Amino acid sequence: MADSLLECSNLNIKFGQNHVIKNLNMHLSTGEILSILGPSGCGKTTLLRIIAGLEIPLKGNIFLKNHEIFGPNINLQPSDRNIGMIFQDYALFPHLTVEKNILFGISNLEQKMQDDNVERVQQLTRLQGLMSRYPHELSGGQQQKVAIARTLATNPTVLLMDEPFSNLDASLRLSVRMEIEQILKSSNTATIFVTHDREEAFSISDRVAIMVDGAIQQVGPPDQIYFWPNSKESAVMSGSCDFIKGSVSGGSVNTSIGPLPMRMPESFSDGDQVEVAIRQTDLSMEPTPAGKNIVVRKDFRGDETIFWVKTPREEIIRCKHKIHTTLFSGLKVQLSPVQYTKFNVFNVPSS
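Residues numbered from 1 in each chain as written. Predicted model: local features only at pLDDT ≥ 70, side-chain atom pairs only at ≥ 80, totals over all residues. Heavy atoms only, no water.

Undergrad: Is there a simple way to explain the overall build of the protein chain in this structure?
TA: Helix and strand counts for the protein chain come out as eight helices and 21 strands. Oriented by its inertia axes, the alpha-carbon framework of the protein chain measures out at about 80 × 50 × 35 Å. Look at the contacts in the protein chain between residues 6 or more apart in sequence, and 64% of them connect residues 24 or more apart. As presented, the protein chain carries roughly 17100 Å² of accessible surface, and 49% of it is formed by carbon and sulfur atoms. (Helix = DSSP H or I, 4+ residues; strand = E, 2+ residues; numbered from the N terminus. Contact = heavy atoms within 4.5 Å. Areas by Shrake-Rupley, 256 points an atom, 1.4 Å probe, with all protein chains shown as cover.)

Shown next, in the form of structure tokens:
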């Protein structure tokens, strides 16, 4: 694409007989934060390593600022790509202070440029007062900021982050995530980070790429990915959902819980056998002796309660409900679509 800062085209790589990356295409724009969201083992980290030059694909092309850095006749070394990578464990030097860790990648510059860069990233990452400390004297969030400062000091064209928040306690993730997002936006650094955590990907990213089995399934803004998944895999990765079977009829799907309104009914014909993705907030429950659905489990989670409801076809659907409720396991309920809800529908794969 003409406005791409980084573009990957038809990337493929195998490890033995395992085809890890398959005909992968993606691009990154200046200042953009792009998340690669996918399950463990889908090839996310391998993709970062290919972009950084740490793995060599079987075929494909990579362009950075419209200059080819990998292709059939070229393979720039990692040190010549001007791409920074922050590893999952931060890879800080334990015997060096924060300041010397930051200086490590720019020691070849003139002294004034070193001083200016250290001052710039110190202000950007708010590490004042910590420059003389060693990594073991810092919290996990502070160590992560040092790793980012060390990388940003080199003025990378693109920053790659591998599962950047996985080593942090759950109580720290939100605040650190917000800080890191502010740092990246303030520095206008184009960033790709990989994660299997949907909340992380959605909260920090301009775009999210759903990656499954070595290929990109869908790319778009987080809300588009959530409300308009183009596959079952994208639906599952973008939010908790269950699937029930049905038959298309007149713009709705006839299911075991009744007719459900479809998104994009023009894409289907009457009689098509489909699967309907149901989010936990899509249906309301009403207790009634005539209900054909039965609550089989109640899961209290503090700020919400999740109910597992069994349909007449033995399908299980999860529904969120308000905290204070008299609903209980064994209760018969009627399930109805929440007002204005449209359901994403996918063709049943042919056997």
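Undergrad: What is the right way to read the environment of Gln280 from this model?
TA: Structurally, the position occupied by Gln280 is in the loop between strand E15 (273–279) and strand E16 (283–287). Discounting chain neighbours no more than four positions away, the residues touching Gln280 are Ser240, Ile306, Arg318, Cys319 and Lys320.

Undergrad: Explanation requested: the pattern of salt bridges in the structure shown.
TA: Pairs can form between side chains of opposite charge whenever their charged atoms are close. Considering all chains together, one arrives at 14 salt bridges under this definition. Glu32 is the partner of Arg207 in a salt bridge, and the nearest nitrogen-oxygen pair spans 2.4 Å. Separated by 175 residues along the polypeptide, Arg207 in strand E10 (residues 207–212) and Glu32 in the loop between strand E2 (18–29) and strand E3 (33–37) bring together distant segments of the chain. Arg207 sits in the buried class, given a relative accessible area of 15%. For Lys320, the salt bridge is made with Glu304, and the minimal N-O distance between the two is 3.2 Å. Pair noted here: Lys320 is in strand E19 (residues 316–321) and Glu304 is in the loop between strand E17 (293–300) and strand E18 (305–310), with a separation of 16 residues, a long-range link. The partly exposed category is assigned to Lys320, whose relative accessible area is 35%. Members of the salt-bridge network, linked through shared partners, are Arg126, Lys145 and Glu179. (Salt bridge = Lys/Arg side-chain N within 4 Å of Asp/Glu carboxyl O. Buried < 20%, exposed > 50% of the residue type's maximum accessible area, 1.4 Å probe, protein only.)

Undergrad: What should I look at first to understand the packing of helix H4 (residues 140–152) against helix H5 (residues 170–187) in this one?
TA: When two helices pack together, their arrangement is given by the angle between the helix axes and the distance between those axes. Where H4 contacts H5, the axes come no closer than 11 Å and their chain directions differ by 15°. With respect to their mutual orientation, H4 and H5 come out roughly parallel. Judged by the twist between their axes, the crossing of H4 over H5 is right-handed. Note on element contacts: H5 touches H4 through Val176, Glu179, Ile180, Ile183 and Ser187, opposite Gly141, Gln144, Lys145, Ile148 and Leu152. (Axes fitted to C-alpha atoms, helices over the stretch in contact; angles between N-to-C directions. Parallel < 35°, antiparallel > 145°, perpendicular 65-115°, else oblique. Left-handed = near helix turned anticlockwise from the far one by under 90°.)

Undergrad: Honestly, unusual backbone geometry in this entry has me stumped. Any pointers?
TA: Where the residue is not glycine, phi is negative for most of them; where a peptide bond is considered, it is trans in most cases. Located in the positive-phi region is Asn23, a residue other than glycine, with phi close to 45°. By relative accessible area, which is 44% here, Asn23 ends up partly exposed. For Glu314, which is not glycine, the phi torsion reads 70° and is therefore positive. Within the secondary structure, Glu314 is located in the loop between E18 and E19.

Undergrad: Would you explain the sheet that holds strand E20 (residues 332–337) in this entry?
TA: Remark on secondary structure: sheet strands pair via backbone hydrogen bonds, oriented parallel or antiparallel. Ordered in space as E16-E20-E17-E18-E19, the five strands form an open sheet in which the pairing is antiparallel. Taken across any chain shown, the strands that pair with only one partner, and hence form the sheet edges, are E16 and E19. In this sheet, neighbouring strand axes are inclined to one another by 45° on average, regardless of whether the strands run parallel or antiparallel. Judged from the six bridges that link them, E17 and E18 form a sheet pairing that is antiparallel. Paired with Val295 across the two strands is Val309, which belongs to E18. (Pairing = 2+ DSSP bridges.)

Undergrad: Help me out: how do you make sense of the side chain of Ser4 in this one?
TA: Checked against the element boundaries, Ser4 lands in strand E1 (residues 4–15). Discounting chain neighbours no more than four positions away, the residues touching Ser4 are His27, Leu28 and Asn66.

Undergrad: What should I look at first to understand the environment of Ser247 in this one?
TA: Within the fold, Ser247 resides in strand E12 (residues 241–249). On the accessibility criterion, Ser247 (22% relative accessible area) is partly exposed. It is 60 Å that separates the C-alpha atoms of Ser247 and Gln122, two residues lying 125 residues apart in sequence. Ignoring any residue separated from it by four or fewer positions in sequence, one finds Ser247 in contact with Ser252, Val253, Asn254, Gly271, Asp272 and Gln273.

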